[in-house]
Amino acid sequence: MSIWRYHVHPDGSFTRLGNWDGRYDGYTQEELARYCSCPPASTEHWPCSRCRGDLTLCWHSPFGPGVPLELCPSCDADRPAAAAFLAWHQNPDRDPEAVQHLFEAWEEEIMNARGWARVRPPDTPNSPLLPPGLTPRGRG
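Description of the structure in this document. (Residues numbered from 1 in each chain as written. Predicted model: local features only at pLDDT ≥ 70, side-chain atom pairs only at ≥ 80, totals over all residues. Heavy atoms only, no water.)

Once that is clear, we can look at the packing of aromatic side chains. The description of two aromatic rings rests on the distance between their centres and on the angle between their planes. Within the structure shown, the criterion is met by 4 aromatic pairs. Here a set of aromatic residues connected by ring pairs shows up, and it is made of Phe85, Trp88, Phe103 and Trp106. Residue placement shows Arg94 over the ring face of Trp88; its charged tip is 5.6 Å from the ring centre. (Phe/Tyr/Trp six-rings, centres within 6.5 Å; stacked < 30°, edge-to-face > 60°. Lys NZ or Arg CZ within 6 Å of the ring centre and 35° of its normal.)

Attention now goes to helix H2 (residues 80–90). Buried within H2 are the following residues: Ala81, Ala82, Phe85, Leu86, Trp88 and His89. All buried residues of H2 lie within an arc of 160 degrees about the axis, which places them on one face of the element. Summarising the geometry of H2, the exposed residues directed more than 90 degrees from the buried face are Pro80 and Gln90. Looking at the packing, one finds that the buried side of H2 touches strand E1 (4–8), strand E2 (14–18), strand E3 (57–60), strand E4 (68–71) and helix H3 (99–113). (Buried < 20%, exposed > 50% of the residue type's maximum accessible area, 1.4 Å probe, protein only. Helix = DSSP H or I, 4+ residues; strand = E, 2+ residues; numbered from the N terminus. Arc of directions from axis to C-beta. Contact = heavy atoms within 4.5 Å.)

The subject of this paragraph is the packing of H2 against H3. Direction vectors running N to C along H2 and H3 enclose 145 degrees, while the axes themselves pass 8 Å from each other. Where H2 crosses over H3, the handedness of that crossing is left-handed. Taken together, the residues of H3 that come into contact with H2 (itself represented by Pro80, Ala81, Ala82, Ala84, Phe85 and Trp88) are Val99, Leu102, Phe103, Ala105, Trp106 and Glu109. Class assignment of the residues belonging to the contact of H2 with H3 gives a composition of 11 nonpolar, no polar and 1 charged. (Axes fitted to C-alpha atoms, helices over the stretch in contact; angles between N-to-C directions. Left-handed = near helix turned anticlockwise from the far one by under 90°. Nonpolar A, V, L, I, M, F, W, Y, C, P; charged D, E, K, R; others polar.)

Our focus in this paragraph is the pairing of E2. Along E2, 5 of the 5 residues are buried, which leaves the element largely enclosed by surrounding structure. Of the two faces of E2, both are covered, the one formed by Phe14, Arg16 and Gly18 as well as the one formed by Thr15 and Leu17. Direction of pairing for E1 relative to E2: antiparallel, over a ladder of 5 bridges. Opposite Val8, over in E2, you have Phe14 as the bridge partner. Taking the residues that link successive antiparallel strands as the turn, the E1-E2 hairpin has 5 residues, and the phi of Gly12 there is positive, at about 95 degrees. (Pairing = 2+ DSSP bridges.)

So, about H3. In a regular helix each residue adds 1.5 Å, so 15 residues correspond to 21 Å; H3 covers 21 Å between its end C-alpha atoms and thus fits that length. Listed as buried for H3 are Val99, Leu102, Phe103, Glu104, Trp106, Glu107, Glu109, Ile110 and Met111. Considering only its buried residues, H3 is in contact with E1, E2, E3, E4 and H2. (Expected span 1.5 Å × (residues − 1).)

See the structure below:
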């Protein structure tokens with residue numbers, strides 16, 4: 001079960017849907033297109049804050065910090081995750097299933113460059129089994 005599900009539009013823009021309870025796990029891209037009425041990620045051509053060129057994508061970082069993230073073909077071509085995401089975005093035969101990995105790798109790469117780190121959820125230890133005879137009877 002993934003936390004996010006992505007619907008990719010024909011122009012390479014996408015919509016990210018919260019999938020916390022797994023409700024979109026079985027949906028195909030076609031089914032998401034019929035169901036999803038959300039606008040795609042911002043593809044407005046704002047100028048890049050670094051070179052003033054056109055951005056491929058402008059996004060806000062997840063939850064807490066709210067840092068604006070920019071994907072610029074000129075400034076980000078030397079970053080591995082950004083370059084892979086740009087190549088995917090520019091390919092007309094892009095695989096819609098690849099966007100989740102590429103986008104999240106780019107998001108993590110740029111947040112790391114700004115001093116933030118993604119914290120993985122801790123592994124939850126298994127609960128010990130109850131000894132026989134101590135099982136509650138279900139009456140209170």
